[in-house]
Amino acid sequence: MRQTNELRITLDINNMMTERLGAGHGIAAGEIDRLAAQARAAQHAVAKNRGNDNLMLGWTELPYNQTEIVRDIEVAAAYVRGTFDAFVVLGIGGSALGPIAVQAALNHLRWNELEQRNGPKFYVEDNIDPERVASLLDVIDVTKTCFNVITKSGATAETMSQYLIISGLLKKKIGEGWQKHIIATTDKENGNLVRICKEEGFRMFVIPDGVGGRFSELSPVGLLPAAVCGIDIRALLKGAAAMDARCKTDDVWKNPALMEAVLQYITMENHGANIQVVMPYADSLKYMADWFCQLWAESLGKNITRKGVSVNYGQTPAKALGVTDQHSQLQLYTEGPFDKVITFLKVENFRNEVPIPHGCESFPNVAFLGGKTLNQLLDAELKGTEFALCQAGRMNQTIVLPEVSAYTVGQLLYFFEMATAYMGELLDINAFNQPGVENSKVASFAVLGNTNERKYADKAKEMREQPAPDARYIL
Ligand code: PA5
């Protein structure tokens, strides 16, 4: 068994630096040093407010304060595993992307198609496309399915409409006892779902105070679905705690999450790199990039500082997959505008090794592949891509996972969460709200004719007052 210190994930920033990229490109160590005091202040601010629910920093304590909850989750998960054929998460945004990312990272890549599966089939329904919902109902038997309705606010229209559809179906098909097919994960007192829960008697898990949607993967939001799929949730939390321990120093050169925030701050402010592409070289981490994109975008895309100064900050996160996107995006990354940083996710030891057999001996450029492994080829392609980007003067960095396991994934999740919190401090913005999402929500309720609150009627009026569509602009 490998020791936990051998399973530390690392952040290699060599390819961000001028030494590798040449003068005129990349970051000089001095630039980082000049930000050391600001970085220290950012670390101190997060440390001082750790666990403060009012400041939405409750998530920082999730690796430590859930002993009883973990036990309850394991009991509930064992019941689900022994009772149901399928487990469906109904949720969106922070209530969906973490469960998808962790399941994809830690279980078989074709889990639902496996005959010998260590748990029920797993689906996360994070959209309301009618064709998608209908297609789910074509492949599951609701009488043998457990639905985990996850919503922190207990009010999200997408999730609650899914709940209405599913509960209606369960009532029709099962009748008495249909409530046993639903587990709710929501706030302990706010929102509609907790009230519905009390009325119907659903099993319920609480999303603790101070834990916002996109910071909730290590709460019951992510832990229950993971445990249902047989993932070692204690190792996930231990990994997060191990990363937390490394992120407690105020020395930017020793704190990987602080370094990530400082580097991205410098790339944005000094080098015009307003895009960060996260590019895993592992299919298992493909959805980790989706989870990261929400975390970074919704937390850091803000129009004002905490003092109310207008700023319109935000580094656009993007996702790509190695090697697939070498044949799609890499041309742009190497020769397009100097507006990106590429963050690779590299895995040192894959769970499988696939040898490439010898053959095609009369075609030397094919034959040379024989005798190697797909693992070697993937690694060589990552090295080649890193090198090509450096030669083109493009900043890139690599997060190295010794393996993809619950322990390393826990580290990775916490690393990105902490980097986001530090970045919020450096930018002096509130990283834990999302006011920019509200307007579209109110507008869509207004379209649907919701008259329960004045704001919807006002919004409907504003929408009517928009200039009418001009036929010239519709082609
Ligand atoms: O990070 C967030 O707060 C959001 O992305 C939410 O997770 C998303 O809007 C879903 O909200 P809720 O969990 O309240 O249904």
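Residues numbered from 1 in each chain as written. Predicted model: local features only at pLDDT ≥ 70, side-chain atom pairs only at ≥ 80, totals over all residues. Heavy atoms only, no water.

Visitor: Could you clarify how one ought to interpret the overall build of the chain in this entry?
Guide: Helix and strand content of the chain: 18 helices and 12 strands. A compact globule built from 475 residues should have a C-alpha radius of gyration of about 23 Å, and the chain, at 24 Å, falls within 12% of that. Counting only C-alpha atoms, the chain reaches 65 × 60 × 55 Å along its principal axes. Classification of the 475 residues of the chain by burial places 50% in the buried group. Total accessible area on the chain stands at roughly 22600 Å², and carbon and sulfur atoms take up 52% of it. (Helix = DSSP H or I, 4+ residues; strand = E, 2+ residues; numbered from the N terminus. Rg over C-alpha atoms; globule rule 2.2 N^0.38 Å. Buried < 20%, exposed > 50% of the residue type's maximum accessible area, 1.4 Å probe, protein only. Areas by Shrake-Rupley, 256 points an atom, 1.4 Å probe, with all protein chains shown as cover.)

Visitor: What am I meant to see in helix H9 (residues 220-228) here?
Guide: Given 3.6 residues per turn, any residue in an α-helix points the same way as the ones three and four places further on. Burial of H9 is extensive: nine of the nine residues sit out of reach of the surface. Turning to H9, its buried residues are Pro220, Val221, Gly222, Leu223, Leu224, Pro225, Ala226, Ala227 and Val228. Looking one or two residues beyond H9, the residue adopting positive phi is glycine 230, at roughly 80°.

Visitor: Please clarify how the packing of aromatic side chains should be interpreted in this entry.
Guide: The geometry of an aromatic ring pair is captured by two quantities: the separation of the ring centres and the angle between the planes. Counted under the stated rule, the structure contains 14 aromatic pairs. Where tryptophan 59 meets phenylalanine 432, the ring centres are 6.4 Å apart and the plane angle is 45°; that geometry is what we call tilted. A residue pair is termed long-range when its members are at least 10 positions apart, and tryptophan 59 in the loop between helix H3 (36-48) and helix H4 (67-83) and phenylalanine 432 in the loop between helix H16 (406-427) and helix H17 (435-447) qualify at 373 residues. Classification of tryptophan 59 as buried rests on a relative accessible area of 0%. In this structure, arginine 394 is placed above the aromatic ring of phenylalanine 338, and the distance from its NZ or CZ to the ring centre is 3.7 Å. (Phe/Tyr/Trp six-rings, centres within 6.5 Å; stacked < 30°, edge-to-face > 60°. Lys NZ or Arg CZ within 6 Å of the ring centre and 35° of its normal.)

Visitor: Teacher, can you tell me more about the domain arrangement of the chain here?
Guide: The extent of an interface is frequently quoted as the accessible surface area lost upon association of the parts. Parsing the chain into structural domains produces domain 1 (4-50 + 237-427), domain 2 (59-236) and domain 3 (435-467). Domain 2 and domain 3 are separated by 30 Å when their C-alpha centres are compared. (Domains from an automatic or database assignment.)

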